Amino acid sequence: MSDFSVRLLRSEEDRAATDVFRRALHVKEMTDEEWSGISASMQPDRGFGAFDPELIGTVRSFDSEVTLPGGGTAPLAAVSLVGVRADRTRRGVLTALMRAQFEDFAARGYPAAMLHASEGAIYGRFGYGIAARGKSIEVDRHRARLRPEVPAGGRITLLDLESTIAQWPSLFDALPRTRPGMIARSPHLWPGYEREVRRATTPTATAVHRGPDGVDGYVTYHVERAHFGAPALLKIQSFHHASPDAFAGLWRHLLSVDLVDRITAEKRPLDEPVELLFTDPRHAAVQKIQDEGWLRLVDVATMLDARTYLGGPLVIEVTDPFLDHNSGRYRLSEDGAERTTDPADLELHADTLSMLYLGGWRASDLAIAGRVRATGEAALERADLLFSTRVNPWCGTFF
Ligand SMILES: CC(C)(COP(=O)(O)OP(=O)(O)OC[C@H]1O[C@@H](n2cnc3c(N)ncnc32)[C@H](O)[C@@H]1OP(=O)(O)O)[C@@H](O)C(=O)NCCC(=O)NCCS
């Protein structure tokens, strides 16, 4: 029996919970002024606390919506502020908080959850899997030249910091969230982004691209250098586009900003073709690839039926030790998904299913790593096609 209990936090406990989270991440304590800003980022009734009787651990979420393969959407719980007090770790506190959260998501009709992980070894055991990855790139601004056929339509308007803050939500909402894994931004997210750009020591700017039908892309960035004489880095904070003209036009703008040596962006979609804009593709170097969005199918049956598939049928046998009601066989085809007693073609755990779900990994690659086991005829080839998506998944929103 555990010596702590878990329950929904009352709003007057949110600050203490945020302190627990920040200390767990080695972030310094908030001032009253900081707290009044941070508290605006909290959706009420979405925080859980573990008590012994002191508050020793916390998790939070906010309501969102995620784009699925095929273009549909599903309600999504976006999980954040996960932390357990350093003197109470490794005794099941996070496990109990995760369980309480999943029960809450299920009760409120949220069939999926997503998070960004501080460490890669924490969340697999709870059924989260790396569903989307991102690449960090660096462009050599002095050497990168656009190829002549790069689209050149549309025009750019530059916004300063205050206009960026004022227009960010409407800019983001103006663009379709076309990639699987992209999420709706709750009003609770924007105050955090505002705090971040206000803290920056150099000015933040946003270039907005307009095509024939209005806004079709924007990039927010600032330029910094470590010390006088060091290379000046233009750091992309966010980049969203809905047309080839906008993608090219925003890069054309970034390359035109004076007093910049390198342009960097983190966690971009893996298939975003920045290097193909340049006469020498090596002038856009991929520096690293990281996990970008961890997905949990809280209600496997609902989520499997909510996306589209190519080909099939294929029967998968899912083992879900943390949420056992999801365990079982599912028949997937272009007609959807349903539970079945047919023999399985593929066996996998819930965290691995999350990796396949948005199209971010191929079943045959997961099989090489021992993450899926093929039992049916040509099962891996069928699974590769079945789960494949037109574009790579990407969350694109940090929370
Ligand atoms: C990560 C954290 C929340 C885990 O809390 P916790 O209460 O210690 O987790 P639990 O005791 O429920 O652990 C459950 C299992 O996960 C393992 N685990 C937990 N954290 C782990 C980590 N960081 N790395 C590897 N394994 C971990 C535990 O060893 C345990 O394994 P077991 O079941 O085989 O014994 C806590 O260590 C913490 O606050 N870390 C710093 C802040 C942080 O990284 N937060 C996450 C932000 S995304």
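Residues numbered from 1 in each chain as written. Predicted model: local features only at pLDDT ≥ 70, side-chain atom pairs only at ≥ 80, totals over all residues. Heavy atoms only, no water.

1. Re the overall build of the protein chain
For step 1, the next point in the chain: The helix and strand inventory of the protein chain stands at 10 helices and 17 strands.
For step 2, the next point in the chain: Scaling as 2.2 N^0.38, a compact globule of 399 residues should have a C-alpha radius of gyration of about 21 Å, and the protein chain matches this with 22 Å.
For step 3, the next point in the chain: Over its C-alpha atoms, taken along the principal directions, the protein chain stretches across nearly 60 × 55 × 35 Å.
For step 4, the next point in the chain: Across the 399 residues in the protein chain, those meeting the buried criterion constitute 50%.
For step 5, the next point in the chain: Total accessible area on the protein chain stands at roughly 18600 Å², and carbon and sulfur atoms take up 52% of it. (Helix = DSSP H or I, 4+ residues; strand = E, 2+ residues; numbered from the N terminus. Rg over C-alpha atoms; globule rule 2.2 N^0.38 Å. Buried < 20%, exposed > 50% of the residue type's maximum accessible area, 1.4 Å probe, protein only. Areas by Shrake-Rupley, 256 points an atom, 1.4 Å probe, with all protein chains shown as cover.)

2. So, the domain arrangement of the protein chain
For step 1, the next point in the chain: Segmentation of the protein chain into domains returns domain 1 (5–115), domain 2 (135–290) and domain 3 (299–387).
For step 2, the next point in the chain: For domain 1 and domain 3, the distance between their C-alpha centroids amounts to 29 Å.
For step 3, the next point in the chain: Taken together, the contacts link 12 residues of domain 1 with 10 residues of domain 3.
For step 4, the next point in the chain: Counting each side, the surface lost to burial between domain 1 and domain 3 is near 950 Å², with a carbon and sulfur contribution of 76%.
For step 5, the next point in the chain: Of all residues in domain 1, Leu 68, Pro 69 and Pro 111 bury the most surface against domain 3, accounting for 52% of the area lost on that side.
For step 6, the next point in the chain: Applying the counting criterion to the domain 1 and domain 3 interface returns 0 salt bridges.
For step 7, the next point in the chain: Run the count over domain 1 and domain 3 and you get 3 residue pairs in polar contact (both at pLDDT 80 or more).
For step 8, the next point in the chain: Listed by contribution, the elements that provide at least two residues to the side of domain 1 that touches domain 3 are α3 (93–107) and β5 (112–115). (Domains from an automatic or database assignment. Contact = heavy atoms within 4.5 Å. Buried area = accessible area lost by both parts, 1.4 Å probe. Salt bridge = Lys/Arg side-chain N within 4 Å of Asp/Glu carboxyl O. Polar contact = N/O pair within 3.5 Å; in protein donor to acceptor, adjacent residues only side chain to side chain.)

3. What about the pairing of strand β6 (residues 129–140)?
For step 1, the next point in the chain: With 10 of 12 residues buried, β6 is to be regarded as a mostly interior element.
For step 2, the next point in the chain: Here β6 runs beside strand β12 (residues 284–297); their pairing, made up of 10 bridges, is antiparallel. In the sheet register, Arg 133 faces β12, and the bridge partner there is Asp 291.
For step 3, the next point in the chain: Two elements, β6 and strand β11 (residues 262–269), share 6 bridges in a ladder whose sense is antiparallel. Residue Glu 138 lies in a different strand from β11, and its bridge partner there is Thr 264. (Pairing = 2+ DSSP bridges.)

4. Quick look at the packing of aromatic side chains
For step 1, the next point in the chain: Applying the stated criterion across every chain, the model contains 14 aromatic pairs.
For step 2, the next point in the chain: Their ring planes at 85° and their centres at 6.3 Å tell us that Trp 251 and Phe 278 sit as a pair that is edge-to-face. Taken together, the residues span a long stretch of sequence, with Trp 251 in helix α6 (residues 244–256) and Phe 278 in the loop between β11 and β12 at a distance of 27 residues. Here the two residues Trp 251 and Phe 278 agree in accessibility, since each one is buried.
For step 3, the next point in the chain: Put simply, the rings of Phe 102, Phe 105, Tyr 123, Phe 126, Tyr 128 and Phe 322 touch in pairs and so form one group of aromatic residues.
For step 4, the next point in the chain: The ring of Phe 51 has Arg 7 lying over it, and the distance from NZ or CZ to the ring centre is 4.2 Å.
For step 5, the next point in the chain: Its end group placed over the ring of Tyr 110, Arg 108 keeps NZ or CZ at 5.0 Å from the ring centre. (Phe/Tyr/Trp six-rings, centres within 6.5 Å; stacked < 30°, edge-to-face > 60°. Lys NZ or Arg CZ within 6 Å of the ring centre and 35° of its normal.)

5. Focus: the side chain of Ser 238
For step 1, the next point in the chain: Structurally, Ser 238 is set in strand β10 (residues 233–241).
For step 2, the next point in the chain: Given the relative accessible area of 10%, Ser 238 is considered buried.
For step 3, the next point in the chain: Engagement of the side chain of Ser 238 in a polar contact is seen with the side chain of Gln 237, the distance being 2.9 Å.
For step 4, the next point in the chain: Dropping the residues within four chain positions of it, Ser 238 is found in contact with Trp 168, Tyr 218, Val 219 and Thr 220.

6. Here we look at the site of the ligand
For step 1, the next point in the chain: The environment of the ligand is formed by 19 residues, the closest being Arg 90, Gly 92, Thr 95, Ser 118 and Glu 119.
For step 2, the next point in the chain: At 2.8 Å, a backbone N or O of Val 84 approaches an oxygen atom of the ligand.
For step 3, the next point in the chain: One nitrogen or oxygen atom from the side chain of Ser 118 is found 2.7 Å from an oxygen atom belonging to the ligand.
For step 4, the next point in the chain: Here the ligand loses 73% of its free accessible area of 890 Å² to cover by the protein chains.
For step 5, the next point in the chain: Counted by class, the shell around the ligand contains 9 nonpolar, 6 polar and 4 charged residues. (Near = heavy atom within 4 Å. Nonpolar A, V, L, I, M, F, W, Y, C, P; charged D, E, K, R; others polar.)

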